[in-house]
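# Examination of the molecular architecture
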Amino acid sequence: MAMSPEIQLAELQARHSEMSDAFLRAKAEAENIRRRAEEDMAKARKFAIESFAESLLPVCDSLQAATAIDIETAKPGQLLEGVHATLRQLTQALERNKVVAIAPPPGTKFDPHQHQAISVVPAEQDANTVVMVLQKGYLIADRVLRPALVTVAAPK
């Protein structure tokens, strides 16, 4: 038996009301998720440096202690030992934060993505290989922060 047009209309209106309600709830939920994601990104940007800064504080403490040393009475060996210890602290802090040195040994093939050639010099090694590192480069999480400055062997 066929439904009357009034019953069909009432059912369609009820279904439309359900769908409208579900759509509005889904829209509100999507907006809340977007807003939370934006807040999370803002917090991540704001506090991303916190861990790195925290790992540098011991280095800062060591340098401040070094400036308090009486140069007149300090032994050069002690001063150098303190500098080396502070450098170790700094290196460890950098490594903990995924900052690693690029210091290719002599004979390493020149890589323009990680090395910057300062000069090409005659050398007793294969052409286009690193002869000497003039300044270390650094990677941060596999991305070049600063290329290593190198001299490269000239073609023979």
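Everything below is about the structure shown above.
Moving on to the pattern of salt bridges. Counting across every chain of the model gives five salt bridges. The partner of Glu 31 in a salt bridge is Arg 34, with the nearest N and O atoms 2.3 Å apart. Here Glu 31 pairs with Arg 34, and both are found in helix H1 (residues 5-67), just three residues apart, close to one helical turn. Taking relative accessible area as the criterion, Glu 31 reaches 41% and is therefore assigned partly exposed. The class for Arg 34 is partly exposed, based on a relative accessible area of 40%. Among the ionic pairs, Arg 34 bridges to Glu 38, the shortest N-O distance being 2.5 Å.

Position of Ile 102 among the secondary structure elements: in strand S1 (residues 99-102). Note on Ile 102: relative accessible area 5%, which makes it buried. When the C-alpha positions of Ile 102 and Ala 37 are compared, they lie 36 Å apart, and in sequence the two are 65 residues distant. Contacts of Ile 102, omitting those with residues within four sequence positions, involve Gln 114, His 115, Lys 136, Gly 137, Tyr 138, Leu 139, Arg 146 and Ala 148.

Bringing the pairing of strand S5 (residues 143-146) into the picture now. Two strands pair when backbone bridges link them, and strand S4 (residues 137-140) and S5 are joined in this way by three bridges, in the antiparallel orientation. Directly across from Tyr 138, in S5, lies its bridge partner Arg 146. Once S4 ends, the chain turns through two residues before running back antiparallel as S5, passing Ala 141 with a positive phi of about 50°.

Reading across the sheet, the three strands line up as S1-S4-S5 and stay open at both edges, with antiparallel pairing between neighbours. Each edge of the open sheet is held by one strand with a lone partner, namely S1 and S5. For this sheet, the mean angle separating the axes of adjacent strands, direction not counted, is 35°.

What follows covers a nonpolar patch on the surface. A cluster of nonpolar side chains, namely Ile 118, Met 132 and Leu 134, defines an oily patch on the protein surface of about 280 Å² accessible area. Residue placement: Met 132 occurs in strand S3 (residues 130-135).

So, on to the side chain of Thr 86. Summarising the element assignment, Thr 86 is placed in helix H2 (residues 76-96). Not counting residues up to four positions away in its chain, the partners in contact with Thr 86 are Val 59, Ser 62 and Leu 63.

Thresholds applied
Residues numbered from 1 in each chain as written. Predicted model: local features only at pLDDT ≥ 70, side-chain atom pairs only at ≥ 80, totals over all residues. Heavy atoms only, no water. Salt bridge = Lys/Arg side-chain N within 4 Å of Asp/Glu carboxyl O. Helix = DSSP H or I, 4+ residues; strand = E, 2+ residues; numbered from the N terminus. Buried < 20%, exposed > 50% of the residue type's maximum accessible area, 1.4 Å probe, protein only. Contact = heavy atoms within 4.5 Å. Pairing = 2+ DSSP bridges. Axes fitted to C-alpha atoms, helices over the stretch in contact; angles between N-to-C directions. Patch = residues over 30% accessible without salt bridge, like charges linked within 9 Å, V, L, I, M, F, W, Y side chains within 5 Å. Areas by Shrake-Rupley, 256 points an atom, 1.4 Å probe, with all protein chains shown as cover.

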